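# Secondary and tertiary structure notes
Read off the chains here:
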Amino acid sequence: MKILLFYVWFHFCWSCFAKLDTEWWEHTIIYEIIPHTFKDSDGDGVGDFKGITSKLDHFVDLGIETIHLTPMYETTALDMGYDITDYYNVDHRLGTISDLEELIREMNKRNMKLILDLVINHSSHKHKWFQKSIDRIDPYTDFYVWKDSKGFDNVTNQEIPPNKWISVFLQEPGAAWTWNEKRKQFYLHNFLPEQPDLNLRNENLKEILWKMIEFWLDKGVSGFRLDATPWYIEDEEFRDDDLNLRQCNQPETFEFIHEFRTYLDKYNEKRGGFERIFIAEAHVWGEILTQYYGRKNYSVTHFPYSFLLRYINWPINAKTLQFYLNFWMSFLPEGKTAAWMTQDHDGSRVGSRICPEFADIFTIVSMMLPGTVGVYYGQEIAMMNGFATEDQFHDFSGGGTRDPTRLTMQWDDTINAGFSTNVSTYSPVNSDYFQRNVAVQKEQSVSHYNLFKDLATLRKTNIFKFGKFKNANFGNIYSLTRSYKGNVLTVVVNFEITASSRVNLTEILQNRPDEITVVAASVNSEYVKGFNIEFKQSEEFYMRPLSSVVLKTDLPYSENEDVMLQNI
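Residues numbered from 1 in each chain as written. Predicted model: local features only at pLDDT ≥ 70, side-chain atom pairs only at ≥ 80, totals over all residues. Heavy atoms only, no water.

Take unusual backbone geometry next. With an omega of 5 degrees, the peptide bond between aspartate 138 and proline 139 qualifies as cis. Geometrically, the link from tryptophan 314 to proline 315 is a cis peptide bond, its omega value of 5 degrees lying close to zero. With respect to the helices, strands and loops of the structure, proline 315 is situated in the loop between helix 10 (308-311) and helix 11 (318-331). Non-glycine residue lysine 184 carries a positive phi angle of around 65 degrees. (Helix = DSSP H or I, 4+ residues; strand = E, 2+ residues; numbered from the N terminus.)

Spelled out as structure tokens, the structure:
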């Protein structure tokens, strides 16, 4: 009987103990790199794997543990690598597979993990699968989405597309289809005509795709960002609707990802060590976004990115920010991980999209929120959009270009911002690089770089693994609070544009500690890390316009932490 009681006690204690830890991916910072624009190691003007390897200690200094590479596969380079010609090879401009393997080995030495882009909604039209599919060579005949013409238009002298579906880059009705004269059918492309959609209903194709995923996992990759997931599988009956919703987020999309997640879970079980992950890139909201988490006993991805903060533009105020964040968090399934992103290779950098002061504000807010956060290369120095002439464009999607957000990483004030010794570079260098660069900001006590480091250090504490989250607004003031066992971190943002604002912290904290310490602050805030604010009810705390600070207080711990914070 004593043995049984001991076993029950031990099992109970172990269960409680086991819950006091989290998976690596539940709170990591994922740093997105475009390999071509990050660091050139051989002087040819194009970034490469060896260049990234040479900068790994930069990530150690910053506190980054996870790197995400945008597509590095063999490509025609029409859409920044998202038009793949060979899933088993790498873009020769970036180096060799051996160079990539060296990068992974060096990352492992630093306890870092690598995430690759998984682009399986479509391939390049020059991929051998597509060429064989045109010729109806099995098993490739139905590897792509083919459909017969609806007839011939004698006015335009063209075949009529199967329906009126648009593409992401081409918004005219029927633009998602291109006629292939050799096969005498239309093929679907939800993006560029040179990016035909794969038929993810095809069982032979699914088996080949999983083997490809396994190939990269065996090389030490820690996970994949699943590109363009909403478009994986389209309405099987190809019906039109006014909003073209039948092109994306179909139930079979989640079934497909669930099937591949099952493969991944089995792989994790077999290989052990740590959990490899799937991340969904899905520009959707509310209940549709939550479907990417799956449900009990039915896993889909580990988490989808939330692009809420990436879409926020001016005007924005404290009340609106609180509403948006609470709205999204209300849909987050219990026990699941949120994942935030304020900018990426598809969207404008925050300082250019809203205003320069918001670069720090959104970095602070996103890195203080619960869960995982994705950051974009150069975010640590608050890089801005730059200028590119048409002859420097690599991206022509939808008649526009995203190149101004994809400029060369700014390392120092030497030639080409320290990116390359070549006179010409893959992407232009922003003209502000002489003052906005890593080397300069590392030496400044108050800088975007050192703010980022401070935030990354805070994220390694238990507050971010287990802490509670609350937020509120008080006129122009937004507050975000994280608390765990008496340790409280509070973000305060002043949304006032033209004047300083008085902040009464008694509105945010009920308990009144003797002092509050600034542990991180935007470069324009006037406050520095380590500054102590004496906390008296009669005193007021002033903040500059469009500034933000992170404050730390240590309060008496109570099992019911809600008594320490206002019930907002």
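One face of the sheet, then the other: side chains in a regular strand alternate in exactly this way. The element strand 17 (residues 372-376) is largely enclosed, with a buried count of five among its five residues. Burial along strand 17 is two-sided: Thr372, Gly374 and Tyr376 facing one way and Val373 and Val375 facing the other are all buried. In this sheet, strand 17 lies alongside strand 1 (residues 29-33) in parallel orientation, the contact comprising four bridges. The partner of glutamate 32 across the bridge, within strand 17, is tyrosine 376. Relative to strand 17, strand 16 (residues 339-341) runs parallel, the two being bridged by three bridges. When the sheet's bridge partners are listed, tryptophan 340 is paired in strand 17 with valine 373. (Buried < 20%, exposed > 50% of the residue type's maximum accessible area, 1.4 Å probe, protein only. Pairing = 2+ DSSP bridges.)

Turning to the pattern of salt bridges, a few remarks are in order. Applying the stated rule across the entire model yields 34 salt bridges. A salt bridge links lysine 182 to aspartate 135; its shortest N-O distance comes to 2.7 Å. Within this pair, whereas lysine 182 is found in the loop between strand 9 (177-180) and strand 10 (185-188), its partner aspartate 135 is found in the loop between helix 6 (128-134) and strand 6 (146-147), the two being separated by 47 residues in sequence. Judged by its relative accessible area of 38%, aspartate 135 falls in the partly exposed class. Three or more residues joined by partner-sharing salt bridges are found here, namely Asp57, Glu106, Lys109 and Arg110. (Salt bridge = Lys/Arg side-chain N within 4 Å of Asp/Glu carboxyl O.)

So, on to the sheet that holds strand 6. Sheet architecture is open: three strands sit in the order 6-10-9, paired in antiparallel fashion. Either end of the sheet is taken by a strand with one partner, and the two such strands are strand 6 and strand 9. When strand 6 meets strand 10, the two strands line up antiparallel, connected through two bridges. Residue lysine 147 lies in a different strand from strand 10, and its bridge partner there is phenylalanine 186.

Below, the discussion takes up the pairing of strand 11 (residues 223-226). Every second residue of strand 11 is oriented toward a common face, with Gly223 and Arg225 on one face and Phe224 and Leu226 on the other, all of them buried. Two elements, strand 5 (residues 113-118) and strand 11, share four bridges in a ladder whose sense is parallel. Across the sheet, residue leucine 118 finds its bridge partner in strand 11, namely leucine 226. Pairing between strand 11 and strand 12 (residues 277-280): four bridges, direction parallel.

This next bit is on the sheet that holds strand 5. Ordered in space as 15-12-11-5-2-1-17-16, the eight strands form an open sheet in which the pairing is parallel. Both outer strands of the open sheet, strand 15 (303-304) and strand 16, are each paired with one neighbouring strand and no more. The pairing of strand 12 with strand 15 spans two bridges and is parallel. Residue pairing in the sheet places alanine 280 in a bridge with proline 304 of strand 15.

It is worth stressing that arrangement in space is one thing and function is another; only the former is reported here.
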